[in-house]
Structure formats: structure tokens, C-alpha cells
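The residues making up each chain are set out below.
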Amino acid sequence: MATSRHLRALNEGAALEQLLARGSLTRGELRELTGLSKPTASELLRRLVESGLAVVTGHVTGRPGPNAEIYAPHPEAAHVAAISLRVKSLSVAICDLVGGVQTEFQAADISEVLDRLAAGPLRPAHIQLAVPGSYDPATDTIRHIDTPGWDRPGLIGELRTRVDCSLDVDNDVNLVAVAERQFQNGPFTLLWVDEGLGLAIDLGGQLLRGASGGAGEIGYLPVPGAGGGDLQDLIGAPNLDGLTLDEIAERLVVPLVAIIAIIDPPRIVLAGSVARAGGEALREAVEKAMALRPFNVPVELTKVDGDPVLTGALRAGLATVHRRLIQGDGTL
């Protein structure tokens, strides 16, 4: 049997969930959304304000009766840090509870990042690490990564012991798909063509990661007739220099046909520096080349501006913090 304390916690979580989803609301709007009574809605909003999770941002005027207070999530209630591992450095961004980016910086290594996060004024409640490799949660190890030292068993566990918050790890292209998700209505597959290659398979809000986190590591696929080379040698950005858009499109079609034949996605999203540089002309060239193949799927360009890896990492980290707050997790 649920206790009154448990029911109160559930109601607070429901109220906070609506607040985070809508951005702001009045007591009356909360009642309409949840079916709670007027006294209960008032009490829940009061408790959220007292706990620092909500603030009163204004009043609704111009209607009969007392002006209704407008409540919103308190941005400073929690912060999230996103760390993107690059070839020679790490990029970091910190956002508040509503997603507002507060600061960004570069660092030479992970120790410098963690030291700055610990000493800074915006200490995160959660850290999302993006890596150019696959994270295997069963062994707590990063695989398929070329950055020296990052595939060492036990590394992630050591990093978690150094921070005063939770830390998650995910493939950087998977996190790009998290950023892209807000622009897509349903499942999609994202092909990342940059210095490295990657594939993210979004099943409509959930990512396909595979048994050991390695789903999407398409750069390792061998390419017949390429002298023993793999897909990275065929369409990695450095190997496309000097080619025309049509020639690049013909190369991109090689993995796209294989992807479509295996998973039959409703749409393909092109992302990464090659897609950004080629733009609409490259997209049209890829669709034209695809039309000559047995499988023809709509091809789109990514709609994410700025740094898509950091954007996706922040969104993933925020989702984790929001979920914990809604569920009443006391670890924040």
C-alpha cells in the first residue's frame, strides 16, 4: 500500500515533470494537466519553490480575481557538464537545469577538465562524456578508439571515483543523434562523415547500441576491391580531398546501400564536416546516386547547429538529471 509520503513524492514528481516539459505554468494549468485539487497543486508548487527546484517568475494579469503566479524550473537548481573527447584536446560545455549554456572551454586532458569542474562555481550534478569509440557497460571499457590510453580497462571507474557526481559515457555519434532527435518525427539513421566515421540508429527515441555498445562502428567495415582497406579509407574526410561532389556521393552510397539493406530506415541524415561543407548540393547528389540503386530512402542534412556532439551530450545529460529529479532521487 502506498503511504502518504510516497504519494506526495509521486505528485511532486508529476508536477516537476510538467514544469520541466512546459517551461512555465500556473497553478490552474498544473491542475488541468494533472487532475490534482487546488490545495494539492498549491502545496506541491510551494514545496518545489522551497526545495529550490522552482521559482515564481511573474503573474498572469488582466483577468478577474487575484493574479495567478507563474512558476518555472529554477535554472540554478542543477548543472550538467558535457565533455567531448577530440583528437588532441577535450571540449567542455556546462548548462543549467533548463539547458542554458553557462560556459564552454577547451582542455588538454581529462585531469584538467575534472580539476576545473571541481574548482569552478558551476559544479555539475551529472557529467556526460562523449567519446569517438564504443562504450561497453558490461566491462566498463571503451572499445574501438584510437586515442591512446582511453581503451584502458578500469579508466571509466577511476574517473567516476574522482568526481562528486554521476558520470555516463556514450559514443559521440550516438549523442549527435540525440541532438538531431528534436528535429525528427520518428526513427532515423544518422551517418557521420568526418575525420572518423560513425552511424547512429535511432529507433524513435531509443538508440540501438548493440550487445557491447559497438553498433554503428562502420568505419571498420572492409571494402571489397579497396586493396584490403576499410570504409574509413574510402570515405573518411581526408580521403575525399580533391573529389567532386558526384564522386563523394558515389562513395557515400556504398555504406548507405548496406545500411538500408540491413535496417531499412525511414530516412537517412547526413552529418559531420563533409555534410556541412557539401550542404544541399551534396545531399542532392547523394539522392541522385541512391535513385540508381535498388533501395531509395529520403536523405536529409542534419539540422543541428554549432557543435552537435556537445549539444547532444548536454541534452542526454539533462534528460538524466530531469529523470532523477522527477523520480525523487536524492543524489543531486
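The structure we're discussing is the one just above.
Parameters and conventions
- Residues numbered from 1 in each chain as written.
- Predicted model: local features only at pLDDT ≥ 70, side-chain atom pairs only at ≥ 80, totals over all residues.
- Heavy atoms only, no water.
- Salt bridge = Lys/Arg side-chain N within 4 Å of Asp/Glu carboxyl O.
- Helix = DSSP H or I, 4+ residues; strand = E, 2+ residues; numbered from the N terminus.
- Buried < 20%, exposed > 50% of the residue type's maximum accessible area, 1.4 Å probe, protein only.
- Pairing = 2+ DSSP bridges.
- Contact = heavy atoms within 4.5 Å.
- Axes fitted to C-alpha atoms, helices over the stretch in contact; angles between N-to-C directions.
- Parallel < 35°, antiparallel > 145°, perpendicular 65-115°, else oblique.
- Left-handed = near helix turned anticlockwise from the far one by under 90°.
- Nonpolar A, V, L, I, M, F, W, Y, C, P; charged D, E, K, R; others polar.
- Arc of directions from axis to C-beta.
- Polar contact = N/O pair within 3.5 Å; in protein donor to acceptor, adjacent residues only side chain to side chain.

K.L.:
Please give an account of the pattern of salt bridges that cites residues and values.
P.N.:
Counted according to the given criterion, the structure contains 16 salt bridges. One salt bridge in this structure joins Arg46 and Glu50, with 2.4 Å as the shortest N-O distance. Of this pair, Arg46 and Glu50 both sit in helix H3 (residues 38-50), separated by four residues, roughly a single helical turn. Using a relative accessible area of 36% as the deciding quantity, one classes Arg46 as partly exposed. Taking the shortest distance from any N to any O, the salt bridge between Arg143 and Asp136 comes out at 3.2 Å. Classification of Arg143 as partly exposed rests on a relative accessible area of 33%. Here the salt bridges do not stand alone but share partners, grouping Glu43, Arg46 and Glu50 into one network.

K.L.:
How would you explain the pairing of strand S4 (residues 79-85) if you had to name every residue and give the values?
P.N.:
Within S4, seven of the seven residues are buried, leaving the element largely enclosed by the surrounding structure. Pairing geometry for S4 and strand S5 (residues 90-96), over seven bridges, is antiparallel. Considered in S5, the bridge of Val80 is made with Cys95. Taking the residues that link successive antiparallel strands as the turn, the S4-S5 hairpin has four residues.

K.L.:
Could you give an account of the environment of Thr320, naming the residues involved and the relevant values?
P.N.:
Among the structural elements, Thr320 can be located in helix H10 (residues 308-326). Accessibility expressed as a relative area gives 10% for Thr320, which makes it buried. C-alpha separation for the pair Thr320 and Ala249, spaced 71 residues apart in sequence, amounts to 38 Å. Apart from the residues within four sequence positions on either side, Thr320 is in contact with His126 and Asp168.

K.L.:
Lay out the packing of helix H8 (residues 245-263) against helix H9 (residues 273-290) with the relevant residues and their values.
P.N.:
Following both chains from N to C, one finds H8 and H9 inclined at 70°, their axes separated by 9 Å at the closest point. Between H8 and H9, the interaxial angle falls into the category roughly perpendicular. By crossing handedness, the relation of H8 to H9 is classed as right-handed. Facing Leu245, Asp246, Ile248, Ala249, Glu250, Leu252, Val253, Leu256, Val257 and Ile260 of H8, the residues of H9 in contact are Val274, Gly278, Ala281, Leu282, Ala285, Val286, Ala289 and Met290. Broken down by class, the residue content of the contact of H8 with H9 amounts to 15 nonpolar, one polar and two charged.

K.L.:
Tell me about the sheet that holds strand S3 (residues 68-73), and name the residues and values.
P.N.:
An order of S1-S3-S2 is seen for the three strands of this open sheet, with the pairing classed as antiparallel. Each edge of the open sheet is held by one strand with a lone partner, namely strand S1 (25-26) and strand S2 (54-60). One ladder, built from two bridges, connects S1 with S3; its direction is antiparallel. For Thr26, the partnering residue across the bridge sits in S3 and is Ile70. Each of S1, S2 and S3 touches H3; the most contacted strand, S2, lies at about 125° to it.

K.L.:
Hey, could you go over helix H4 (residues 110-119) for me, with residue numbers and the actual values?
P.N.:
Counting along an α-helix, one turn takes 3.6 residues, and residues three or four places apart therefore face a common direction. Among all positions of H4, only Ile110, Val113, Leu114 and Leu117 are buried. Relative to the axis of H4, the buried residues are bounded by an arc of 90° and lie together on one face. Those residues of H4 that are buried are in contact with S4, S5, strand S6 (101-107), strand S7 (126-131) and helix H5 (155-162). Where H4 begins, the side chain of Asp109 points an oxygen toward the backbone nitrogen of Ser111, at a separation of 3.2 Å.

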